[in-house]
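# Examining the three-dimensional arrangement
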Amino acid sequence: MKKNDNNALRKKSLSIKASRRISNAIIYVLLVAITIVWLFPFVGILLESFKTETKMQTAYLFPKEFGFDHYVRLFKETDFLKWFINTAIMGVATSVLQTVFILSMSYVLSRLRFKGRKGLMNFMLILGMFPGFLTMILIYKVFSDVGLTMQMAPLGLIIVYCASSGMGYYVSKGFFDTIPKSLDEAARVDGATRFQVFYKVIMPLSKPIVIYTILMGFMAPWGDFMLASYLIHENSQGMSVAVGMFEWLSRTNLNTYYTMFCAAGVIVAIPVVAVFLALQKYYVEGVTGGAVKG
Amino acid sequence: MKRLNDLEYLKLNKFQAFWYNLLMFICAIPVWFKNVGLGIWRFIKSCGITVKNEVLDIGTTFAKGNWAVKLSFFLLGFGNLYYGQVMRGIMFLAFELIFFAYMFVPSGGLYWLGKCNWFVKGATVGTVQGGFEYDPIYDTDVWVAGDDSVKVLLYALLTVIFIVAFVVTWRMQVKQCRICMDIRAKGKKIKSGKDDLKSLLDDQFHKTLLALPLTGIIAFTILPIIFMVLIAFTSYDAAHDGYSNLFSWVGFEHFNEIFDFGGGGLGLTFGEILAWTLMWAFFATFTNYFLGMFVAIMINKKGIKIKKFWRTVLVMTIAIPQFVSLLYVSKLFDSSGLIGRVLGQIPFISNYLTTNHFISLWDSPIVAKILLIVINIWVGIPYIMLMATGILMNIPQDLYESAKIDGASSTQQFTKITLPYMLFVTGPYLLTSFVGNLNNFNVIYLLSGGNPIKGTAGGASVGHTDLLITWLFKMTLGSTESKYYLASIVGILIFLVVAVLSLIVYNVIPSTKNEEDYK
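Residues numbered from 1 in each chain as written. Chains lettered and ligands numbered in written order. Predicted model: local features only at pLDDT ≥ 70, side-chain atom pairs only at ≥ 80, totals over all residues. Heavy atoms only, no water.

## Section: the overall build of chain B
A count of helices and strands for chain B gives 21 helices and four strands. Taking 2.2 N^0.38 as the reference for a compact globule, 519 residues should give roughly 24 Å; the C-alpha atoms of chain B span a radius of gyration of 31 Å, well beyond that estimate. Overall size of chain B, expressed as C-alpha extent along the three principal axes, is 85 × 80 × 50 Å. Within chain B, buried positions represent 45% of all 519 residues. Contacts spanning at least 24 positions in sequence make up 61% of the contacts within chain B whose residues lie at least 6 apart. Roughly 26800 Å² of accessible area belongs to chain B as shown, and the carbon and sulfur atoms make up 69% of that amount. Side-chain charges of chain B comprise 41 positive and 32 negative groups, with the mean position of each set lying 15 Å from the other. (Helix = DSSP H or I, 4+ residues; strand = E, 2+ residues; numbered from the N terminus. Rg over C-alpha atoms; globule rule 2.2 N^0.38 Å. Buried < 20%, exposed > 50% of the residue type's maximum accessible area, 1.4 Å probe, protein only. Contact = heavy atoms within 4.5 Å. Areas by Shrake-Rupley, 256 points an atom, 1.4 Å probe, with all protein chains shown as cover. Lys, Arg positive; Asp, Glu negative; His and termini not counted. Charge placed at Lys NZ, Arg CZ, Asp CG, Glu CD.)

## Looking at the packing of aromatic side chains
The final tally for this structure, using the stated rule, is 68 aromatic pairs over all chains. For the ring pair Phe-73 of chain B and Trp-170 of chain B, a centre distance of 5.6 Å and an interplane angle of 85° mean the geometry is edge-to-face. Taken together, the residues span a long stretch of sequence, with Phe-73 of chain B in the loop between helix H3 (67–71) and helix H4 (78–82) and Trp-170 of chain B in helix H7 (residues 149–186) at a distance of 97 residues. Measuring from centroid to centroid gives 4.7 Å for Trp-112 of chain B and Tyr-155 of chain B, while their planes differ by 20°, and the two rings are stacked. With Trp-112 of chain B in helix H6 (residues 109–115) and Tyr-155 of chain B in helix H7, the pair connects residues that are 43 residues apart, well separated along the chain. Trp-112 of chain B sits in the buried class, given a relative accessible area of 14%. Following the ring pairs from residue to residue traces out a cluster consisting of Phe-133, Tyr-140, Phe-225, Tyr-230 and Phe-246 of chain A together with Phe-441, Tyr-445 and Phe-473 of chain B. Geometry around Phe-62 of chain B places Lys-70 of chain B over its ring, the cationic atom sitting 5.7 Å from the centre. (Phe/Tyr/Trp six-rings, centres within 6.5 Å; stacked < 30°, edge-to-face > 60°. Lys NZ or Arg CZ within 6 Å of the ring centre and 35° of its normal.)

## Digging into a positive patch on the surface
A cluster of like positive charges, contributed by Lys-17, Arg-20 and Arg-21 of chain A together with Lys-302 and Lys-404 of chain B, occupies part of the molecular surface. No other element matches helix H1 (residues 2–49) of chain A, which puts three residues into the positive patch. Structurally, Lys-17 of chain A can be placed in helix H1. Judged by relative accessible area, which is 52%, Lys-17 of chain A ranks as exposed. (Patch = residues over 30% accessible without salt bridge, like charges linked within 9 Å, V, L, I, M, F, W, Y side chains within 5 Å. Salt bridge = Lys/Arg side-chain N within 4 Å of Asp/Glu carboxyl O.)

## Regarding the interface of chain A and chain B
Contacts between chain A and chain B engage 100 residues on the former and 95 residues on the latter. Roughly 8700 Å² is buried in total at the junction of chain A and chain B, and carbon and sulfur atoms are behind 77% of that figure. Here chain A is connected to chain B by four salt bridges. In this assembly, chain A and chain B are joined by 16 residue pairs in polar contact (both at pLDDT 80 or more). (Buried area = accessible area lost by both parts, 1.4 Å probe. Polar contact = N/O pair within 3.5 Å; in protein donor to acceptor, adjacent residues only side chain to side chain.)

## Overview of the side chain of Arg-73 of chain A
All names here are of chain A. With respect to the helices and strands, the residue Arg-73 is situated in helix H2 (residues 69–77). Its relative accessible area of 12% is what places Arg-73 among the buried residues. For Arg-73, the side chain forms a polar contact with the side chain of His-70, separated by 3.1 Å. Ignoring any residue separated from it by four or fewer positions in sequence, one finds Arg-73 in contact with Lys-55, Thr-78, Thr-256, Thr-259 and Met-260.

See the structure below:
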């Protein structure tokens, strides 16, 4: 009887193990499938950018002749370098300015208590419900009078990206909310001013969120199409990579520029992915920490 | 309907419980409306009380105040100067001087206010229409510029804001006089300019930090939005661009146009676009949410190796600028693209395409919509995966252990522990993500561009996959048909949709209520 029980138990544990093994195997298959699907476009872009035999879309993926022709053409025949520099400048400037705006806003709303704080937050919540693009009609009109559109669009865009960025305070406010209040109070008791608390106590603790905000600011101009295309207005000198490369894939340009688009895509992706992967840790912290607490 | 207590509720079977919950929900709707109504009434009442108190306070200040305080009702800052706050006094005085100078100089504030013809139906914004006049020197017609309606409206709006700022400053100054009076009466020391500066880094530190971001928001969000709301009541379009032709006030005429479901109106088009926008936001949000959570659970399962690798693969999609990957993917599914060609060879699909005379998958409204939702899963899963990973790690492990001991299966563990916890924590996120998808310009515009086209409305081509936001964008692209007033109306309607949704969700979801809970 006893022996039988033991046997049954062993069989059961074996079957549990087996079923776990099967479920793990299924998961591995799914994960490999996901990996293939998710990496396919990137590998595709990379491979197509080396196809020297054609400028068009083809029915096959692997190049018949490897070469850097499209990369060379990119810098010789088009304004791509100009667009790239424009976007890089915008990225750096936006990351610095946005960080200042967002951090001061979120710090105030998270850690300081003053009259009208709740009201201000509600007001910004309501304001955020308007589509941001709506503001561009007036901004375009004013900027074109002042001369901040067309080839000066990068400067105008930096202003547009940064000026209202205070409204995106949610993630970093969520971060500041998690720092214990007792730290501030202890410092205040010791005679620190609010500025000193901010500068000497909280800021040193806030490295992850500062880096997260910088990262987001740097990536914004690379990904934005809507605002940029509106201010740039098809002026090649003022284009960002997104707006410039969008034109390459229009029906009329597709067959001349397709492979060049892929080459440019690779070049654009390299700095952004490099920065991103290097700072990935902070990004993950920002998304998982701040986003849900909003 | 009678509310059951916990014991009675637990006695109900599943069907009864569902029925009970449904009834309770329906019963709660009138109460909800009542509460909203009461809230508005209370708000109006409190506004009335505030105004009354303010007026009373101003009155007593004037009655009690000495000559300096009385004088500073007309010459701002005089009270501050009298009480020794030189810096504040000078600033107030300077502000007043600038204000009156701006208002009364030629082509200053009053000039613009007068030109604007506020809301007078049929009247133009601006009074002088530009036109061609014969110029004897050049012996030809030359353009003589008149008013620019946009400029007139903008300056008039700025003037109104300036007036409001002046009134607020005036009130602030009167209040300060009152405070100074009280402090002097108690025999205490009044703050000097040096104290003011110091407090900007201490008690008033929020003012220092807020100055820059708030200025930005006022100038680049609030002002343009008020301006665009005003535009909804005008006839601002490509033909009446304000410069070559003045535009005029039309009242609610254009709102009627968009809600007109007859032949000439835009009601039908608008309804269709709105329906697809809501449908898109719904599917885009929830497919991503559940599939992303599923992937996160898979990666985090015990016994799965190289977790970091799987995660990094997904995170790559976030890192690469969207326009690169989305434009590339969009072309992949085109008729000449790799996947498009492969799919085109499947008989079922190729038959469907040829019988409908579609060239590529993007030409079919239904297929395009499905493709968008599927590709959006590719875009969105990594974000949810990252977030869900963080949350999953936060779920206390002892919950699972005790569940296991009680004999709960892994499905039960998921539906009874993981899912409720996730939903509770990510409630607000779901809302923001839904709203984000309502306005998800990038995915739609870069993938399908709103195509296939079904017609024109509002001076722009409208496609089957256009969202309200992409329609708005197309309306303003500066073609000869652009209708800016319609863009502004669509913008206002987007706002209304989002506001109503948020109001409902905020009232339903528990986790949005207490901000301090997380501390």
